Amino acid sequence: MELVDEVRKGSVRALAKLITLVENEMPGGIEAMEKIYPLTGNAYIIGITGPPGAGKSTLTDRITKELRRQNHTVGIIAIDPTSPFTGGALLGDRVRMQGVSSDEDVFIRSMATRGSLGGLSRATSDTVKLLDAYGKDYIIIETVGVGQDEVDIVRTADVSILAVMPGGGDDIQAIKAGIMEIGDIFVVNKADRDGADRLVTEIKMMLGLSSTEREWTPPVIKTIATEDQGIDTLVEKIKEHREFLVKSGMLACRRKERIRCEIIKMIEHEIYRYLDSLIGENKDFFEQRLEDIVNKKEDPYLLAKKTVETIAKRISKNANV
Amino acid sequence: MNQDKRIRVLVAKPGLDGHDRGAKVIARALRDSGMEVIYTGIRQTPEQIVDAALQEDVDTILLSILSGAHGFLFPRIMELLKEKGLGDILVLGGGIIPEDDVPELKKLGVSEIFGPGMSSQTLINYIRENLSQG
Amino acid sequence: MIEEDIEKIQEETKRWNRDCLGKHTFRKRETDWGLEIKPLYTVDDTKDINYLEDIGFPGEYPFTRAPHPSMYLGKLWTMRQYSGYGTADETNKRYKYLLEQGQTGLSVAFDLPTQIGYDSDHPLSQGEVGKVGVAVDSLADMETIFNGLPLDKLSTSMTINAPAAILLAMYLTVAEKQGIGPEKLNGTIQNDILKEYTVRGTYIFPVGPSLRLITDIFEYCSKYVPKWNTINIAGYHMREAGATAVQEIAFTFADAIEYVNAGIKAGLRVDDFAPRISWIFNTHNNFFEEIAKYRAARRLWAKIMKERFGASDPRSWMFRFHTQTAGSALTAQQPLNNVVRVAFQTLAAILGGAQSLASCSFDEALALPTEESVRLSLRTQQIIAHEIGVTDTVDPMGGSFYIESLTKKMEEKITDYIKRIDELGGAAAAIEKGYIQQEIQESAYRYQKEVESGGKVVVGMNSYQVEEPLPKGLLKVDTEVGAIQIKKLKELKTTRDNQKVQSTLLALRKTAEGHANLMPPIIEAVKAYATLGETCDVLREVFGEYEGTSVI
Ligand SMILES: Nc1nc2c(ncn2[C@@H]2O[C@H](COP(=O)(O)OP(=O)(O)OP(=O)(O)O)[C@@H](O)[C@H]2O)c(=O)[nH]1
Ligand SMILES: [Mg+2]
């Protein structure tokens, strides 16, 4: 695995290539990740989520600058949605990260969701590991700005930051929709706008309501990302939270939970691949079954059961080889 | 469900010129043809563009210049790409570039220049064909 | 028109539609902004328009017909080709040529480093010096550009935005050296930063300080340069970026409202600066739409100033505009076809009542215009002015059922957009949210798709194509301009009084950190031959820089 060796030697080019390899599920990807895995575990992973336009990219840029000032290296993964109709994507987060885009110790990668829901792309967690193995101290993940369903970030990041802005109208609604639970730190960005203080109060109230005894009370921080205000406090809080996680043993718990989820996903995905190719190879057969099922000549349960059996056979056959 | 290799394109506007209508229209058209398009905004330095190409591992770079500064910007970008070992990226140009200057740019390794009035389908086809060969 | 007549006409129209037109097949037409155009307009379509209130008389509120009572019978528009390239010397020669050919005003194009406040020796200026306009590094270049030109007899328009205050200071100083006082000067600086953020890109400072520079200019000029148009709010570039005619006016007015608010907030009286607001718009291909656009804009601006801002000076209500024909409508294919396009666009601009006009040259889709092509374009204006009779009466299109109806519809659509932007918190907020950029891009993309599908015919480009040889004789900017400018800069820095430069720049910094008007210390720095880059750097350090908000 030349690329892995080169990544270990610090080649940016190899890192970028490996991400592509993994993202495209090309041959050699899994083998590479097997080699990468033992090298991971040193980076601290920050997730930033929130509604569209809240300032996630700008915050990412400023947090990175602050971390760089403290001599930490940073990797950034910025995720934007893939169009379900065309499969294409416009990845525009980099525009707001101009301040750090030419810093040698910052690596920015834009990724499209490629059909995965939950605010991340399927290859995000592997990309995190690659950046980790490469030696980045901090990895920041900016999720898709969907504002409701970004539960995935909690499982992928060590700390989840929820960014909102005043005057969005739907800001508080988005929070009510249940993502309140995911924030370890709340950021009210665009505090230069009217209504920031009110929003802070509202969030604090909701936090007060929603939680039973918490060991960590999520702080609510006001920032003006464009003017670099509040960023140092935010980074301090990130570090404070990290200390809390380490001391309470929760960091280890979270990471264990993360790998548990990842394993399950890997298995699901592997099985799904068998299913996908099985259906692909037997299109006519499945079409016919479908017809029969619709006409009540057959039942769907039987088909499902038989399909699983066939997959199982294929898997065991492959395992024997 | 093997992900087929998605084409990744960097659409960039080097130099000081801020007229990005063409770049944006093209970025959208490429997206609608199923490509992943990284757009970095206006007023990009050659260094920024090449760094982005490196980190994003793009297959193609599309440079749009209307200000007449192509004579400086293209050579600089091509030089940096080679320096960073990115000589294999398909580099295309668009905007207002006089025909007279095209041979010189091609000598530098720019694959093709698409002038005003070019249809986005022509560009899409060109990218697809040239990448599948490569 | 009496009621019975209208009813009868309505009935007859229905009948005609059903029995006469209905028997034929025809294509439905729609404007770019979604209005279905009827096959026929009659008095029925203008029945809700009140002549005295909505249309009125030239030179009187609401100015639908014209800003001046006698219009072109009293004074033709200013013929003002946008030009400038290379060094100050070359540009000075081009201006003298154009004036000899009968041009009546100057319009200065600056190169991109000048527009963004970099000297020619700045690393980011490499390859850009003198390319899209003339390079100005210091007062010395401005002295050369206007050498031998009588500034008290000319009106000069300068397309300069972020560093507008500095270029204006240079112009005032050049005039002073010619012995001409500021009160005699006529002209315009563009000074419209908001559209730089959205579509044109030559910004330097963040929104707050940029608006301060603008209102400082308003204040200074209202006292000392009373005839100067302190801002030239631009829809032109939005249209070039793909906006529809309605969006062009709507977004430009939204920007204008932001500036007027800023002026009022800065403590100025609206009637002290509103009369010096001027405009630049884009005259595009759709002939009647363009005419209606300008009529609608005149009426709506008058209402906005009177009703929204309570302006009481009629000159504050008056919408006077410069227009340029659409660069984006020119094709690189069969470039001579552009002569025809430019002629029609020019005609529409005049029927729309322009005060000042720049017509494009046919080779501009390929390069900067040559002497011959720019002369032909100027001749186009002169033919329209003198030969074809369209200047013989005021607003000859007024009263056309189609034009009046379209004028009204456009005014309504523009008003809707302005309301929407008000809801978003005004133009600056709407820009920050990316709203204006996105609306324009949607239009641009829709247009592109129509052209590519052939739904929109562009002669010579997607239809009626021919094989053609490569165009010859295009203008090429001397690649040595950069080197020449850098050499001049070096010399300047050894010959000027550098202590004076430092002390004036320090004074500027102090003022920038405080709240006093920036114009006086800028003028002092300019007089000491501080360079444009040095002056802007001081302001950059105090104000910070705007970060791009490319929205896609
Ligand atoms: N006034 C103000 N504007 C801000 C602030 N932070 C960001 N912005 C602006 O808000 C807009 C959106 O910022 P982004 O950073 O792109 O927001 P985002 O959440 O990454 O957006 P998506 O990725 O599109 O969901 C940009 O125009 C920023 O310049 C702030 O603190 N104050
Ligand atoms: Mg973003």
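Residues numbered from 1 in each chain as written. Chains lettered and ligands numbered in written order. Predicted model: local features only at pLDDT ≥ 70, side-chain atom pairs only at ≥ 80, totals over all residues. Heavy atoms only, no water.

Colleague: I tried to follow the interface of chain C and chain A on my own but got confused; where do I start?
Modeller: Size of an interface: often given as the accessible area lost when the parts come together. At the interface, eight residues of chain C touch seven residues of chain A. Note on chain C versus chain A: buried area summed over both sides is about 610 Å², and carbon and sulfur give 41% of it. Counting across the chain C and chain A interface gives three salt bridges. Close ionic contact of Arg193(A) with Glu432(C) constitutes a salt bridge, the shortest N to O distance being 2.7 Å. The tally of links between chain C and chain A comes to three residue pairs in polar contact (both at pLDDT 80 or more). In terms of residue class, the side of chain C that touches chain A is built from two nonpolar, three polar and three charged. (Contact = heavy atoms within 4.5 Å. Buried area = accessible area lost by both parts, 1.4 Å probe. Salt bridge = Lys/Arg side-chain N within 4 Å of Asp/Glu carboxyl O. Polar contact = N/O pair within 3.5 Å; in protein donor to acceptor, adjacent residues only side chain to side chain. Nonpolar A, V, L, I, M, F, W, Y, C, P; charged D, E, K, R; others polar.)

Colleague: It is not clear to me how the confidence of the model for chain C should be interpreted in this structure. Could you clarify?
Modeller: Regions with low pLDDT carry predicted coordinates that are not meant to be interpreted in detail. For chain C, mean pLDDT is 95; residues scoring 70 or higher make up 99% of the total. Here the complex is predicted with pTM 0.91, and the ipTM for its interfaces comes to 0.93. (pLDDT = per-residue confidence, 0-100.)

Colleague: Mind showing me how you'd approach the pattern of salt bridges here?
Modeller: A side chain with one charge can pair with a side chain of the opposite charge if their charged atoms come near. Following the criterion strictly, the structure yields 75 salt bridges over all chains and no others. We note a salt bridge from Arg200(C) to Glu196(C), for which the minimum N-O separation is 2.9 Å. Here Glu196(C) and Arg200(C) lie together in helix α8 (residues 194-200), a separation of four residues that amounts to about one turn. By relative accessible area, which is 5% here, Arg200(C) ends up buried. Glu196(C) gets classed as buried once you look at its relative accessible area, which sits at 1%. A single network of salt bridges, built from pairs that share partners, joins Glu23(A), Arg94(A), Arg114(A), Arg8(B), Glu36(B) and Glu56(B). (Helix = DSSP H or I, 4+ residues; strand = E, 2+ residues; numbered from the N terminus. Buried < 20%, exposed > 50% of the residue type's maximum accessible area, 1.4 Å probe, protein only.)

Colleague: Got a minute to help me understand the packing of aromatic side chains in this structure?
Modeller: Two measures describe an aromatic ring pair: the distance that separates the ring centres and the angle between the ring planes. All names here are of chain C. The full count for this structure, using the stated rule, is 29 aromatic pairs over all chains. With a centroid separation of 5.1 Å and 85° between ring planes, the pair formed by Phe-146 and Tyr-171 is classed as edge-to-face. Separated by 25 residues along the polypeptide, Phe-146 in the loop between α6 (139-145) and β6 (155-158) and Tyr-171 in helix α7 (residues 164-177) bring together distant segments of the chain. Accessibility assignment for this pair places Phe-146 and Tyr-171 in one class, buried. Between Trp-279 and Phe-319, the aromatic rings sit 5.3 Å apart at their centres with planes inclined by 35°, giving tilted as the arrangement. Of this pair, Trp-279 sits in strand β10 (residues 277-283) while Phe-319 is found in the loop between α14 (314-317) and β11 (321-325), placing the two residues 40 residues apart along the sequence. Residue Trp-279 shares its accessibility class with Phe-319, and that shared class is buried. Of the aromatic side chains, those joined through ring pairs into one cluster are Phe-253, Trp-279, Phe-281, Tyr-294, Trp-301, Phe-319 and Phe-321. A cation sits over an aromatic face here: Lys-306 above Tyr-61, 4.3 Å from the ring centre. In this structure, Arg-420 is placed above the aromatic ring of Tyr-435, and the distance from its NZ or CZ to the ring centre is 5.3 Å. (Phe/Tyr/Trp six-rings, centres within 6.5 Å; stacked < 30°, edge-to-face > 60°. Lys NZ or Arg CZ within 6 Å of the ring centre and 35° of its normal.)

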